[in-house]
Amino acid sequence: MTEKMKNIVILISGAGSNMAALIKTAQEDNWDGLLGARVVAVISNKPGAEGMALAQALGVPTQVLDHKGFASRAAFDAALQTLIDAHQPALVVLAGFMRILTPDFVAHYAGRLVNIHPSLLPAFTGLNTHRRAIEAGCTVAGATVHKVTAALDHGDILAQAVVPVLPCDSAETLAARVLVQEHLIYPQAIKALLQVL
Ligand code: GRF
């Protein structure tokens, strides 16, 4: 009996470097053959998101669903859900998707919706994580891959990476150091999750 293909849909809003790292790892490590998993679509809520061209260059189809065209958060999330579900995803990956999701949307993808957050959760949920870590005097910072629940930046932790905070760091230099680690842990955490889905 052939197993059903595990389709992955990635949601982005911006640069898409985590998205690109994930697609490249999936392609280079032959997830298709080894795990029966492939990235089938990249969807952005921002028409001009830089990451769209990156996804296309990597051979992955892209779709735009502009949240500005919807009267409410619930209406946008319902349309997004329809778009995603047309791909019959085993896993939905948030990669710099800058939207707060409705509880209905999150419940629909329970257990198969993941995010990467640029802090060592449970510390520093929300925005400006690197500036806040520096201001708090942290000597380490990092990133967390977690399952998504209705509470922002909560949910089971799947992987974390730790980097030093250096005395000379700005939010930008710290973000760049963390991002290098994000590109390593996100694909590996997703690979591990795909094996138990
Ligand atoms: C990353 O720092 C990620 O942790 C956060 O948003 C940023 C997205 O960067 N959720 P990119 O679009 O993947 O380059």
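This is a predicted model, so every value here is computed, not measured.

**Topic: the environment of valine 165**
Along the chain, valine 165 turns up in the loop between strand 7 (157-164) and helix 7 (171-194). When neighbours within four sequence positions are excluded, valine 165 is seen to be in contact with Ile134, Cys138, Thr139, Val140, Ala141, Leu174 and Arg177.

**Notes on the side chain of histidine 67**
The topology assignment puts histidine 67 in the loop between strand 3 (62-64) and helix 4 (73-85). Engagement of the side chain of histidine 67 in a polar contact is seen with the side chain of asparagine 45, the distance being 3.0 Å. Excluding residues within four positions of it along the chain, histidine 67 makes contact with Asn45, Lys46, Phe76 and Arg99.

**Quick word on the pattern of salt bridges**
Counted by the stated rule, this structure contains 2 salt bridges. Put simply, glutamate 135 and arginine 131 hold a salt bridge, and the shortest N to O gap is 3.2 Å. Taken together, the positions of glutamate 135 and arginine 131, both in helix 6 (residues 129-135) and 4 residues apart, correspond to about one turn of that helix. Note on glutamate 135: relative accessible area 58%, which makes it exposed.

**What to know about the sheet that holds strand 3**
The strand order 3-2-1-4-5-6-7 describes an open sheet built from 7 strands, whose pairing is mixed. Edge positions in the sheet fall to strand 3 and strand 7, since each of these pairs with one other strand and no more. Mean inter-strand twist for the sheet, computed between neighbouring axes without regard to direction, equals 20 degrees. As paired elements, strand 5 (residues 113-117) and strand 6 (residues 140-147) share 4 bridges and run antiparallel to each other. Counted as the bridge partner of isoleucine 116 is valine 145 from strand 6. Running over the sheet, helix 7 touches strand 1 (6-12), strand 2 (37-44), strand 4 (89-94), strand 5, strand 6 and strand 7 and is turned about 155 degrees from strand 7.

Scoring rules and cut-offs
- Residues numbered from 1 in each chain as written.
- Predicted model: local features only at pLDDT ≥ 70, side-chain atom pairs only at ≥ 80, totals over all residues.
- Heavy atoms only, no water.
- Helix = DSSP H or I, 4+ residues; strand = E, 2+ residues; numbered from the N terminus.
- Contact = heavy atoms within 4.5 Å.
- Polar contact = N/O pair within 3.5 Å; in protein donor to acceptor, adjacent residues only side chain to side chain.
- Salt bridge = Lys/Arg side-chain N within 4 Å of Asp/Glu carboxyl O.
- Buried < 20%, exposed > 50% of the residue type's maximum accessible area, 1.4 Å probe, protein only.
- Pairing = 2+ DSSP bridges.
- Axes fitted to C-alpha atoms, helices over the stretch in contact; angles between N-to-C directions.

Remember that the coordinates give geometry; whether it matters functionally is a separate question.
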